[in-house]
Amino acid sequence: MVVKEMRKLYESYMEAANSRWEYGNSVLYRMCKEQPEHKDIDVIVGKIWLIGRSYAAAIERRKNAVGGGDDFYYDVVAPKLLEIGQELDDRLAGLRKRKGLIIDDCKEILSTHKFLMDIFYELTGLEKSSLASKYLHFHCPEKFFIYDSRAR
């Protein structure tokens with residue numbers, strides 16, 4: 001029952017044409033649909049930068065930050081996401097192929113979210129659950145919900 005209700009809420013939100021953020025979100029969805037892989041440093045930086053900053057979850061917001069901005073994105077974040085890119089791409093591609101309900105893919109969804117949170121923790125010293133959910137959502141919106149303090 002709960003799954004059916006969640007699905008209806010999700011579908012009605014996705015069909016709503018009057019969202020205040022529809023255009024901006026459509027740019028982020030299109031960016032991730034057109035460039036879903038993690039093989040190009042500029043694409044990786046563009047996606048993590050725009051999604052993170054658009055949704056107030058920028059990866060450079062971290063404890064004991066020394067250096068930051070463009071250097072952090074290009075010198076720290078991009079090389080790590082390039083390193084783990086194939087695994088992340090494989091996980092997301094596998095989830096995109098599955099057309100079942102979210103509950104059917106719960107183990108893979110949670111595992112992928114944890115995988116990305118662990119990478120973000122390695123880079124920042126913070127779990128970055130909110131950023132992970134947002135980043136994954138724009139890559140695979142039918143499987144990942146945005147989770148942050150507003151959603152809580």
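Report follows, based on the coordinates. (Residues numbered from 1 in each chain as written. Predicted model: local features only at pLDDT ≥ 70, side-chain atom pairs only at ≥ 80, totals over all residues. Heavy atoms only, no water.)

**Looking at the overall build of the protein chain**
1) Next: A count of helical and extended segments in the protein chain gives 6 helices and 0 strands.
2) Next: When the helices and strands of the protein chain are read in sequence order from the N terminus, they spell out α-α-α-α-α-α.
3) Next: A buried classification covers 37% of the 152 residues belonging to the protein chain.
4) Next: In the protein chain, 61% of the contacts between residues at least 6 apart in sequence involve partners at least 24 apart.
5) Next: Of the accessible surface of the protein chain, which amounts to about 9,500 Å², a share of 55% is contributed by carbon and sulfur atoms. (Helix = DSSP H or I, 4+ residues; strand = E, 2+ residues; numbered from the N terminus. Buried < 20%, exposed > 50% of the residue type's maximum accessible area, 1.4 Å probe, protein only. Contact = heavy atoms within 4.5 Å. Areas by Shrake-Rupley, 256 points an atom, 1.4 Å probe, with all protein chains shown as cover.)

**A word on the environment of Leu50**
1) Next: Within the fold, Leu50 resides in helix H3 (residues 41-54).
2) Next: Here the alpha-carbon distance between Leu50 and Leu28, two residues 22 residues apart in the chain, equals 7.7 Å.
3) Next: Excluding anything up to four places from it in sequence, Leu50 contacts Leu28 and Met31.

**Digging into the nonpolar core**
1) Next: By size, the foremost hydrophobic cluster in this structure holds 33 residues, and its most contacted members are Ile48, Ile59, Leu88 and Leu116.
2) Next: The element that contributes the greatest number of residues to this core is helix H4 (residues 69-97), accounting for 9 residues.
3) Next: The residues contacting Ile59, other than those within four sequence positions of it, are Ile48, Phe72, Tyr73, Val77, Phe120, Leu123, Thr124, Lys128 and Leu131. (Core = buried A, V, L, I, M, F, W, Y, C linked by side-chain atoms within 4.5 Å.)

**Focus: a nonpolar patch on the surface**
1) Next: Residues Val2, Met6 and Phe145 make up a contiguous nonpolar surface patch of roughly 280 Å² in combined accessible area.
2) Next: If you trace the backbone, Met6 turns up in helix H1 (residues 2-15).
3) Next: The partly exposed category is assigned to Met6, whose relative accessible area is 42%. (Patch = residues over 30% accessible without salt bridge, like charges linked within 9 Å, V, L, I, M, F, W, Y side chains within 5 Å. Salt bridge = Lys/Arg side-chain N within 4 Å of Asp/Glu carboxyl O.)

**Some words on the packing of helix H5 (residues 106-124) against helix H6 (residues 129-139)**
1) Next: As a packed pair, H5 and H6 sit with axes 9 Å apart at the nearest point and diverge in direction by 125 degrees. Taken together, H5 and H6 sit at an angle that is classed as oblique. In the packing of H5 onto H6, the handedness of the crossing is right-handed. Within the contact between the two elements, H5 uses Thr112, His113, Leu116, Met117 and Phe120 and H6 uses Ser129, Leu131, Ala132, Ser133, Tyr135 and Leu136.
2) Next: Partitioned by chemical class, the residues of the contact of H5 with H6 number 7 nonpolar, 4 polar and no charged. (Axes fitted to C-alpha atoms, helices over the stretch in contact; angles between N-to-C directions. Parallel < 35°, antiparallel > 145°, perpendicular 65-115°, else oblique. Left-handed = near helix turned anticlockwise from the far one by under 90°. Nonpolar A, V, L, I, M, F, W, Y, C, P; charged D, E, K, R; others polar.)

**Brief notes about the packing of aromatic side chains**
Aromatic rings considered in pairs are described by the distance between their centres and by the relative angle of their planes.
1) Next: Using the criterion set out here, one finds 2 aromatic pairs in the structure.
2) Next: Where Tyr29 meets Phe138, the ring centres are 4.7 Å apart and the plane angle is 45 degrees; that geometry is what we call tilted. Taken as a pair, Tyr29 in helix H2 (residues 22-34) and Phe138 in helix H6 lie far apart in primary sequence, 109 residues in all.
3) Next: Each residue in the set Tyr29, Tyr55 and Phe138 is aromatic and connected to the rest through ring pairs, giving one cluster.
4) Next: Arg91 extends its terminal NZ or CZ atom over the ring of Phe115, reaching a point 4.5 Å from the ring centre. (Phe/Tyr/Trp six-rings, centres within 6.5 Å; stacked < 30°, edge-to-face > 60°. Lys NZ or Arg CZ within 6 Å of the ring centre and 35° of its normal.)

Note that all results are geometric; they support no functional claim without further evidence.
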